[in-house]
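# Reading the structure
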Amino acid sequence: MFDKPKARPLFDPPIVKQAIVASLRKLDPRVQIRNPVMFVVLIGSVLTTALFVQALLGKGEAPAGFILAISLWLWFTVLFANFAEAMAEGRGKAQAESLRRARRDTPAKKLTRPQHGAPQVAVSATTLRKGDFVLVEAGDFIPGDGEVIEGIASVDESAITGESAPVIRESGGDRSAVTGGTKVLSDWLVVRISTNPGETFLDRMIAMVEGAKRRKTPNEIALNILLAALTIIFLLATVTLLPFSIYSVASAGQGSPITVTVLVALLVCLIPTTIGGLLSAIGIAGMDRMIQANVIAMSGRAVEAAGDVDVLLLDKTGTITLGNRQATLFIPANGTSAEALADAAQLSSLSDETPEGRSIVVLAKEKYQLRGRDIHGLGATFVPFTAQTRMSGVNLDGRQIRKGAAEAIAEYVQSRGGKFPVEVQAAVETIAKNGGTPLVVAEGARVLGVIELKDIVKRGIKERFAELRKMGIKTIMITGDNPLTAASIAAEAGVDDFLAQATPEAKLKLIREHQAGGRLVAMTGDGTNDAPALAQADVAVAMNTGTQAAKEAGNMVDL
């Protein structure tokens, strides 16, 4: 879950001060002409002000007090519209400033070849170009957007996402994308830079939040055309009233022609000033609200389409489920008690900062009252996980405890003269068949048992899907699991349908079938294999934790 950012007060004093100044600057005709409705009101304001000055000199067409009242209301209308737009822009710029603080010019360790241990050169992050390779170690800031090609590390992305918990970034999967400005907390990564300076995800976020690159949506363009047309029609109708009035007075021989001040006031009352004045402010404010909800909209068309979506495709991992596998069960080998297995598993996980490692410690504590121990007082030597060994563990008082993939532990045990028990192999296969992940624990040459890791369905997700169903939105879960596992998770989550063993072609086909039936389809995804389907969907929400390809294919990014 992402920490919800604190909403700013509606009238934040620093923003209000800037908005007052900006509302006066926006009186520039070159700025006002972009909004035909308010440009007409500005001209009316200037004209009535001139008529007021004329009236003060004794040659006014109407009493000076009356003209002044009309002029003040017109100036208030223009300034209020400018102020509303400036307030919306100011909130966006304040959000952009917080993002800009996450961007920093950091030193980078540029590698001469894409390999850990290769010669490196210290350079500035601003000199890096697409295709360069850099080494990022614990304590370093990632110098630019890129893909992890080697290594695994814990990364703090709170400056970008607002999520306080660190995330795991590793090569060769859907968790390989990294964002410039985030900090590596442990281990190391070799990153291939995927963007040039000024084109990073953070740069694009800042530009969109500030409104510099905010394109008008189709509905906004259509409404602007309608407002301009109505303004021209009412302007022509009002202008013709003056000659008619002069002719009528001349024909009747009595009365006085209608004044220009009254005609200006009538015109402003007729034209859609409220909608015209607040239209751009509404668009910018909408973008600000999305930012507060941790969503970046790349396309205004997608924002409009989101309101009419009736089919929602969701990737299972990380969307419906937590995405971080959690320990749910200890399965001991013959001759080993469940408590002994839990004790060994907890000892081997005390220094494991991954979500899986933390969940093992918690499960042992909850099921067998094995309280956390002082890892420093134990005098233990912890063995970190590596991609080569595919296991981690601890050496303590002559005990060598390891946990890891079944194949890795089997090789480890056999190298010490032990055997991999048949019942443990059967448990490993059963867990894998049911969609879980088996983690085998061994001490020396003896296998103690298996830990079942399972992706947990998010709390409250079933109620969310029930709400979507009431809104007429059909939910479909997309997963690579086998049909039995997919059906089990779909039933637990409460989705309307599911697509099991999904391939990129199958996802694309499903979306096109629904679109051919006149449905508007939204999809969430985070992997490179989701990119074709995201590009096809009407509303494509990519996860910021996903790959660069997914983020480029989507028209919204969920931070």
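Residues numbered from 1 in each chain as written. Predicted model: local features only at pLDDT ≥ 70, side-chain atom pairs only at ≥ 80, totals over all residues. Heavy atoms only, no water.

## Looking at the overall build of the protein chain
Defined as follows: Each helix is a run of DSSP H or I of at least 4 residues and each strand a run of E of at least 2, with the numbering of both proceeding from the N terminus. Only protein chains enter the accessibility calculation, which uses a 1.4 Å probe; a residue whose area is less than 20% of its type maximum is buried, one above 50% is exposed, and one in between is partly exposed. Working rule for contacts: check all heavy atoms of both residues, and any pair within 4.5 Å makes them a contact. Areas reported as accessible are Shrake-Rupley estimates using a 1.4 Å probe. Residue values count occlusion only from the protein chains shown.
Of the regular secondary structure elements, the protein chain holds 20 helices and 20 strands. Taken over 559 residues, the protein chain has a buried fraction of 46%. The contacts of the protein chain with a sequence gap of at least 6 include a subset with a gap of at least 24, amounting to 65%. Accessible surface for the protein chain amounts to roughly 27,600 Å². Of this, 59% is attributable to carbon and sulfur atoms.

## A word on helix 13 (residues 355–368)
Rules: The span you would expect from a helix comes to 1.5 Å times its residue count less one.
With 14 residues, helix 13 ought to run about 20 Å at 1.5 Å a step, and its terminal C-alpha atoms sit 20 Å apart, in line with that. Buried within helix 13 we find P355, E356, G357, S359, I360, V361, L363 and A364. Buried residues in helix 13 make contact with strand 5 (167–170), strand 10 (326–332), helix 12 (338–349), strand 13 (399–404), strand 14 (437–443) and strand 15 (446–454). Of the residues flanking the end of helix 13, it is Q369, one or two places downstream, whose phi is positive at about 55°.

## Thoughts on the packing of aromatic side chains
Short version of the rule: Each aromatic pair joins two rings of Phe, Tyr and Trp (for Trp, the six-membered one) with centres within 6.5 Å, and gets the label stacked for planes under 30 degrees apart, edge-to-face for over 60, and tilted for any other angle.
Within this structure, the stated rule accounts for three aromatic pairs. Look at W73 and F76: their rings are 5.9 Å apart centre to centre, the planes differ by 90°, and that puts the pair in the edge-to-face class. Separated by three residues within a single helix, W73 and F76 lie in helix 4 (residues 64–102), roughly one turn from each other. Seen from their ring centres, F76 and F80 are 5.9 Å apart, and the 25° between their planes marks the pair as stacked. Of the two residues, F76 and F80 both sit in helix 4, four residues apart, roughly one turn of that helix. Taken together, the aromatic side chains of W73, F76 and F80 make up a single cluster linked through ring pairs.

## Quick notes on the packing of helix 3 (residues 36–56) against helix 8 (residues 260–270)
In plain terms, the rule: Fitting a line to C-alpha atoms yields each axis, with helices limited to the stretch in contact; the angle taken between N-to-C directions then spans 0 to 180 degrees. To sort the angles, those under 35 degrees are grouped as roughly parallel, those over 145 as roughly antiparallel, those from 65 to 115 as roughly perpendicular, and the leftovers as oblique. Take the far helix as your reference; a near helix turned counterclockwise from it by less than a right angle gives a left-handed crossing, and one turned clockwise gives a right-handed crossing. When residue character is reported, Ala, Val, Leu, Ile, Met, Phe, Trp, Tyr, Cys and Pro are called nonpolar, Asp, Glu, Lys and Arg charged, and the others, Gly included, polar.
Their axes nearest at 10 Å, the elements helix 3 and helix 8 cross at an angle of 160°. Between helix 3 and helix 8, the crossing angle belongs to the class labelled roughly antiparallel. When you trace helix 3 past helix 8, the crossing you get is left-handed. Along the contact surface, helix 3 presents V40, V41, G44, L47, T48 and L51, while helix 8 presents V260, T261, V264, L267 and V268. Taken together, the residues of the contact of helix 3 with helix 8 sort by class into eight nonpolar, three polar and no charged.

## Focus on the environment of T524
By secondary structure assignment, the location of T524 is in strand 18 (residues 521–525). Residues T524 and V541, spaced 17 residues apart in sequence, show a C-alpha to C-alpha distance of 4.7 Å.

## Remarks on the confidence of the model for the protein chain
Filter applied, for reference: Note: pLDDT gives the predictor's confidence per residue, expressed from 0 to 100.
Within the protein chain, residue pLDDT values average 80, and 82% of them lie at 70 or more. Here residues 1–7 is modelled with pLDDT under 50, and outside its nearest four sequence neighbours on either side it reaches 14 contacts, counting other chains as well.

## Focus on the nonpolar core
How we decide: Residue types Ala, Val, Leu, Ile, Met, Phe, Trp, Tyr and Cys, when buried and joined through side-chain atoms within 4.5 Å, form a set referred to as a nonpolar core.
Of all hydrophobic cores here, the largest spans 26 residues; its most connected members are I320, F465, M477, A493, V495, V539 and M556. Every element with two or more residues in this core is listed here: strand 8 (295–297), helix 10 (300–306), strand 9 (311–315), helix 16 (461–470), helix 17 (483–493) and strand 19 (539–543). Among the elements that make up this core, the one with the highest residue count is helix 17 (four residues). With residues near it in sequence (within four places) discarded, M477 still touches L314, K316, I320, A486, I489, A490, V495, D497, F498 and L499. By size, the runner-up hydrophobic cluster in this structure holds 22 residues, among which are L347, V361, A380 and L448.

## Concerning the side chain of T231
Stated precisely, the cut-off is as follows: The definition of a polar contact used here is a pair of N or O atoms within 3.5 Å, where within protein one atom must be able to donate a hydrogen and the other to accept one, and adjacent residues in sequence count solely through side-chain atom pairs.
Here T231 is to be found in helix 7 (residues 218–252). A polar contact of 2.8 Å, which involves the side chain of T231, links it to the backbone oxygen of L227. Excluding anything up to four places from it in sequence, T231 contacts V37, V40, I271 and P272.

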